[in-house]
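Breakdown of the fold
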Amino acid sequence: MNVGIIGGGIMGISLGYFLSQQGVHVEIFEASPTLGGLAGPLILDDGTSVDRFYHAILSSDSHLSELCMELGIADRLRFRETKMGFYYDGAIYSMNSMMEFLRFPPLGWIDRFRLGLTVLNAQFVRDWHELEGVSVQDWLVRWSGQRTYENIWRPMLKAKFDGNYADAPATYIWSRLVRMKSTRSGANQKEEAGHLIGGYLTLIRAMAERIEAAGGQIHLRCPVQEIAIENGRAVGIRRDGAVQPYDAVVATVQAPIFRRLIPGASTEYQDYLGKTDYLGIIAPLLVLNRPLTGYWTLNITDDRIPFTGVVETTTFIDPQYVGGHHLVYLPKYTAPDSAWQKMSDDEIRKVWLENLKAMFPDFDPKSVQYFLVNRERYVEPLHLLNSTHLIPSIETPVRNLYLATTAQIYPALTNGESVSRHARQAAEVVTASRQQEYEGISDHQSTLALEGTGNR
Ligand SMILES: Cc1cc2nc3c(=O)[nH]c(=O)nc-3n(C[C@H](O)[C@H](O)[C@H](O)COP(=O)(O)OP(=O)(O)OC[C@H]3O[C@@H](n4cnc5c(N)ncnc54)[C@H](O)[C@@H]3O)c2cc1C
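Residues numbered from 1 in each chain as written. Predicted model: local features only at pLDDT ≥ 70, side-chain atom pairs only at ≥ 80, totals over all residues. Heavy atoms only, no water.

1. A word on the site of the ligand
Taken together, 31 residues lie near the ligand, and E30, L38, H55, Y200 and G416 sit nearest. In this structure, E30 approaches the ligand through a side-chain N or O atom, which is 2.6 Å from an oxygen atom. Taking 1000 Å² as the accessible area of the ligand by itself, protein coverage stands at 88%. The residue inventory of the shell around the ligand, partitioned by class, reads 19 nonpolar, eleven polar and one charged. (Near = heavy atom within 4 Å. Polar contact = N/O pair within 3.5 Å; in protein donor to acceptor, adjacent residues only side chain to side chain. Areas by Shrake-Rupley, 256 points an atom, 1.4 Å probe, with all protein chains shown as cover. Nonpolar A, V, L, I, M, F, W, Y, C, P; charged D, E, K, R; others polar.)

In structure tokens:
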């Protein structure tokens, strides 16, 4: 079986790896000059390779750690105790233990207790389906109370959803609270975050090597123009005007990109794909010559500040692995067509640095060695209330065509762990469905052969 895969991010490369392991020949096409997609690297002017967007691996990411063992790169995983904080009304509050929760000044003691209860309650939800039809706002007000909602949750939701959180289901906050709780290990419940030396690219390269060792091919700088569809069946991949034939094609890109690649599919299916919404992101990276906050993540509950948080990844990545630099990301989630996405890099730099200075009066702009504005339009799939029927399946209405994309990961969050796990599942779906197809063909051929001999 010869399978063409579109996209060389974690999904595409994991899928290629799992398929190769089953003896499938794969050929992967990646549009950009490097593998990794959203989890890919950025090369600084001084030659240092750093994550384009902030990435952490959690100690509870069991699929990833097994994968690293299997690939012989587990010794490159590093974990460190980290701190999480809140920026509220001009001050930073550490929020790493129940005691800190209970001391959080902006809230009365009943509010603090209810905030703790909200986190605890999320751990006891057994069936997430019951949260599917409950709005995140209603759920948070019910558990945390109106004052905590107004002071903490509402500004965070507003920032995260670029204002459009009215139709977001409670599964959104539930999966986040469960994932964050899972990082706390040991009796003292310390929070840990980790990374691979060299970033996710280390994992991606290790899988790419195995794919190539099994005879597969990976092509960089190869944007696919179209998936060729004839008589309701995918027959190959069109690049530079020519169609390269495959037994099956798997796209691992986001739904709006996939939609543009399949002009030969029915308009009904294309319209269906068009219903999947995404959030985009603007995430400037500040490369500093000194630490900034000491917190892995500082959540900002002040909605006058344009960015959602301050994420300092060198609190868990030893700066020695990133050229001695300190890396701080200042993300802002946006609607894909938001006016923020249209601002120039210089405008963003000005607004972001002004706000950073307002937050940290001691911040010295001379500490900034590089200020790099990274942005993407389709980053995180948006699932609205009662909308699971809009999640596209791996098998598509076009025969021999499959879709493995982050929008299918729900209610889990999309991250390296869930994406690579999903790719393994997609590989199983592809091989099982191909097997059925061949059995169908061979049954049909045996029937024809029997018919040919007149033997019924
Ligand atoms: C700001 C931010 C923070 C994050 N934080 C974390 C974190 O802490 N931990 C974590 O584990 N995960 C994190 N993630 C999530 C993680 O990066 C993604 O879930 C994951 O990288 C998605 O991988 P993917 O392969 O599905 O998609 P992508 O990475 O988008 O890969 C799709 C690939 O397809 C290629 N492509 C598109 N069109 C074509 C075409 N026509 N032809 C050929 N190739 C094409 C693209 O160039 C791209 O490389 C974060 C993401 C962001 C944006």
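Having seen it, we continue.
2. Observations regarding the packing of helix α1 (residues 10–21) against helix α2 (residues 62–70)
For the pair α1 and α2, the least separation of the axes is 14 Å and the interaxial angle reads 55°. As far as their axial angle goes, α2 and α1 are oblique. Handedness of the crossing formed by α1 with α2: left-handed. The segment α1 lies against α2, with Y17, F18 and Q21 engaging H63, L67 and E70. Across the contact of α1 with α2, the residue classes tally to three nonpolar, two polar and one charged. (Axes fitted to C-alpha atoms, helices over the stretch in contact; angles between N-to-C directions. Helix = DSSP H or I, 4+ residues; strand = E, 2+ residues; numbered from the N terminus. Parallel < 35°, antiparallel > 145°, perpendicular 65-115°, else oblique. Left-handed = near helix turned anticlockwise from the far one by under 90°. Contact = heavy atoms within 4.5 Å.)

3. Focus on the packing of α1 against helix α8 (residues 200–213)
Helices that pack against each other are described as a pair by the angle of their axes relative to one another and the distance between those axes. Look at α1 against α8: their axes get within 9 Å of each other, and the N-to-C directions meet at 35°. For the pair α1 and α8, the sense of crossing is left-handed. Facing I10, I13, S14, G16, Y17 and S20 of α1, the residues of α8 in contact are Y200, I204, M207, A208, R210 and I211. Classifying every residue of the contact of α1 with α8 gives eight nonpolar, three polar and one charged.

4. Some details on the packing of aromatic side chains
Using the criterion set out here, one finds eleven aromatic pairs in the structure. Plain terms: the ring middles of F258 and Y269 are 6.4 Å apart, the flat faces sit at 80° to each other, and that makes the pair edge-to-face. Of this pair, F258 sits in helix α9 (residues 255–261) while Y269 sits in helix α10 (residues 267–273), placing them eleven residues apart in sequence. Through successive ring pairs, a cluster of aromatic residues spans F258, Y269 and Y272. Over the ring of Y333 we find K160, and its NZ or CZ is 3.6 Å from the ring centre. (Phe/Tyr/Trp six-rings, centres within 6.5 Å; stacked < 30°, edge-to-face > 60°. Lys NZ or Arg CZ within 6 Å of the ring centre and 35° of its normal.)

5. Structural notes on the pairing of strand β14 (residues 248–251)
Every other side chain in a regular strand lies on the same face of the sheet, so the side chains alternate between the two faces. Residues A248 and V250 point to one face of β14 and V249 and A251 to the other, with burial holding for every one of them. For strand β1 (residues 2–6) and β14, the ladder comprises four bridges, and the chain directions are parallel. Bridging from a neighbouring strand, G4 pairs with V249 of β14. In the sheet, β14 pairs with strand β23 (residues 401–403) via three bridges, with the strands oriented parallel. Across the sheet, the residue bridging to V250 is Y402, located in β23. (Buried < 20%, exposed > 50% of the residue type's maximum accessible area, 1.4 Å probe, protein only. Pairing = 2+ DSSP bridges.)

6. Quick notes on the pattern of salt bridges
One pass over the structure, following the stated rule, counts 18 salt bridges. The closest approach of N and O atoms between E150 and R154, which form a salt bridge, is 3.0 Å. In this pair, E150 and R154 are both assigned in helix α6 (residues 146–160), four residues apart and thus about one turn of the helix distant. Assessed through its relative accessible area of 35%, E150 is described here as partly exposed. Put simply, E417 and R421 hold a salt bridge, and the shortest N to O gap is 2.7 Å. On the criterion of helical spacing, the pair formed by E417 and R421 is a turn pair, its members being four residues apart in helix α13 (residues 416–453). (Salt bridge = Lys/Arg side-chain N within 4 Å of Asp/Glu carboxyl O.)

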